[in-house]
Amino acid sequence: MEYQKFIPEGWLDTKDELDRSLIQSAFSDGQILQGIVNTCDSDFNLHIDLGNNIKGIIPRNELEAINVDEFGFCNPSICKNKVNNFVQFKVKEINDTTNNVILSRKSVQQEALNWLKTNLQPGMVVNGIVKNIRKFGAFVEIGGGIVGLLHIEDISVSRIKSPEERFSIGQKINVMIKSIDNENNKVVLSYKELLGDWEENIKEYNEKTVVEGTVKEADKYKNGIFIELKPNLVGLAEYKEGLEYGQRVNVYIKKIIKDRKKIKLLII
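As the structure is a prediction and not an experimental result, all values here were calculated from the model. (Residues numbered from 1 in each chain as written. Predicted model: local features only at pLDDT ≥ 70, side-chain atom pairs only at ≥ 80, totals over all residues. Heavy atoms only, no water.)

Engineer: Talk me through unusual backbone geometry; I want residue IDs and the actual numbers.
Structural biologist: Positive phi, close to 65°, is recorded for Phe-44, a residue that is not glycine. Along the polypeptide, Phe-44 turns up in the loop between strand E1 (33–40) and strand E2 (46–51). In this structure, Asn-84 takes a positive phi of about 70° despite not being glycine. Mapping Asn-84 onto the fold places it in the loop between helix H2 (76–81) and strand E4 (86–95). With relative accessibility at 61%, the residue Asn-84 sits in the exposed group. (Helix = DSSP H or I, 4+ residues; strand = E, 2+ residues; numbered from the N terminus. Buried < 20%, exposed > 50% of the residue type's maximum accessible area, 1.4 Å probe, protein only.)

Engineer: Tell me about the pairing of strand E13 (residues 233–237), residues and numbers included.
Structural biologist: Along E13, the buried face is formed by Leu-233, Gly-235 and Ala-237; none of Val-234 and Leu-236, which line the opposite face, is buried. The hairpin formed by strand E12 (residues 225–230) and E13 contains two residues between the paired strands. The pairing of E13 with strand E15 (residues 262–267) spans two bridges and is parallel. Paired with Ala-237 across the bridge in E15 is Leu-265. (Pairing = 2+ DSSP bridges.)

Engineer: Before we move on, could you go through empty space enclosed by the protein and cite the residues and values that matter?
Structural biologist: According to the stated counting rule, one finds one cavity of 30 Å³ or more in the structure shown. Its volume calculated, the largest cavity comes out at about 80 Å³. As for the largest cavity, its lining consists of eleven residues, and the residues nearest its centre are Val-87, Gln-88, Arg-105, Glu-141 and Gly-145. Among the elements of the structure, E4 and helix H3 (105–118) are those that each provide at least two residues to the lining of the largest cavity. (1 Å grid on protein atoms, 1.4 Å probe; cavity = no way out; pocket = protein on both sides within 12 Å on 5 of 7 lines; lining within 4 Å. Points joined across faces, edges and corners; volume = space filled by probe spheres on them.)

Engineer: So what's going on with the layout of surface pockets? Which residues, and what values?
Structural biologist: There is about 610 Å³ of room inside the second largest pocket. Lining the second largest pocket are 27 residues, with Phe-226, Val-234, Gly-235, Leu-236 and Lys-262 positioned closest to its centre. Secondary structure elements with two or more residues in the lining of the second largest pocket: strand E11 (210–218), E13, strand E14 (248–257) and E15.

Engineer: Quick one: what's the story with the packing of aromatic side chains, residue by residue and with numbers?
Structural biologist: By the definition in use, this model includes two aromatic pairs. Aromatic pair Phe-136 and Phe-139: ring centres 6.0 Å apart, planes at 90°, arrangement edge-to-face. In this structure Phe-139 comes out as partly exposed when scored by relative accessible area, which is 23%. Between Phe-167 and Tyr-191, the aromatic rings sit 5.0 Å apart at their centres with planes inclined by 90°, giving edge-to-face as the arrangement. (Phe/Tyr/Trp six-rings, centres within 6.5 Å; stacked < 30°, edge-to-face > 60°.)

Engineer: Summarise the sheet that holds E15; cite the residues concerned and give the values.
Structural biologist: Read around the closed barrel, the five strands follow the order E11-E12-E13-E15-E14; overall the barrel is mixed. On average, each strand axis in the sheet is inclined to that of its neighbour by 50°, with strand direction left out of account. (Axes fitted to C-alpha atoms, helices over the stretch in contact; angles between N-to-C directions.)

Engineer: Provide a residue-level description of the state of the cysteines, including the pertinent values.
Structural biologist: According to the stated counting rule, one finds one disulfide in the structure shown. Note that Cys-40 is cross-linked by a disulfide to Cys-79, the S-S spacing being 2.0 Å. Looking down the S-S bond of the Cys-40 and Cys-79 bridge, the torsion is 125°, so its handedness is right-handed. Of the two residues, Cys-40 is situated in strand E1 and Cys-79 in helix H2; the sequence distance between them amounts to 39 residues. Note on accessibility: Cys-40 and Cys-79 belong to one class, buried. (Disulfide = S-S within 2.5 Å.)

Engineer: Which residues make up the pairing of strand E6 (residues 125–134), and what are the values?
Structural biologist: Each regular strand displays side chains that alternate between the two surfaces of the sheet. Summarising the sheet, E6 and strand E9 (residues 172–181) pair through five bridges and their orientation is antiparallel. Among the inter-strand pairings, Gly-128 is bridged to a residue of E9, identified as Ile-173. The pairing of E6 with strand E7 (residues 137–143) spans five bridges and is classified as antiparallel. Within the sheet, the bridge partner assigned to Val-130 lies in E7 and is Val-140. Counted between consecutive antiparallel strands, the loop separating E6 from E7 contains two residues.

Engineer: For the sheet that holds E4, give the residues involved together with the corresponding values.
Structural biologist: Taken together, five strands build a closed barrel; the order of strands is E1-E2-E3-E5-E4 and the barrel is mixed. The average undirected angle you get between the axes of adjacent strands in this sheet is 50°. Bridging between E4 and strand E5 (residues 100–104) involves five bridges; their strand directions are antiparallel. Within the sheet, the bridge partner assigned to Asn-95 lies in E5 and is Asn-100. Taken strand by strand, helix H1 (residues 20–29) contacts E1, E2, strand E3 (54–58), E4 and E5, and its axis lies near 90° from that of E4. Contacting E3, E4 and E5, H3 crosses the sheet at an angle of about 120° to E4. (Contact = heavy atoms within 4.5 Å.)

Fair warning: the whole summary comes from geometry, so function is off the table for now.
Below is the structure:
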């Protein structure tokens, strides 16, 4: 099963209305569709406008395949959090009398879980969408409602205080699968491996040149200040008072020590 089946390129930008024949075809073929959630009603069902006066409903028991109670129902907050967001679903039932279509997001998740357990391997690179950002990391959906955790230390070699320095909610990014816990359906992701290693990043820099960098933290003995040249490339400059974290500065490259993977800088 191809990953693109779950998050095809540009799926967040889809605004096409679905006509009756497309919905019928999706029902017959088990095709995955997508749409924007309009409302979450008092019974925690999702309502989706499919266009052409066709209303889609995802009942609460068809909303989740992962985080459900003993009766198969998801937490009500999941329903509310989907409002005004895109979700993927399959057509479960078409009611010609009411012009309503019963949809299932759970079916997509079940298919995605099977894909996760049989096809996904550590080291694979997949595309995803940033769904939530916390101090300790970012949650990235990698398809069909499957969300992986990208720890802050796996975002870049250069240390950052918050994932918001790198990402925003809704941003599409590539991530590497770091580990998979099939028993608990948990995926841990990494991003820094996709930014190139030290040798690759240093190629565009030369000694005795002036470049721009970002101030990071001073070492604890104030012997220097770490300057980020690129997310996976950091040099050490002589300590200087009055600089703030995140400030952009010009630096002079004094020395590149390739065998030790070190860069000596001077803040101008």
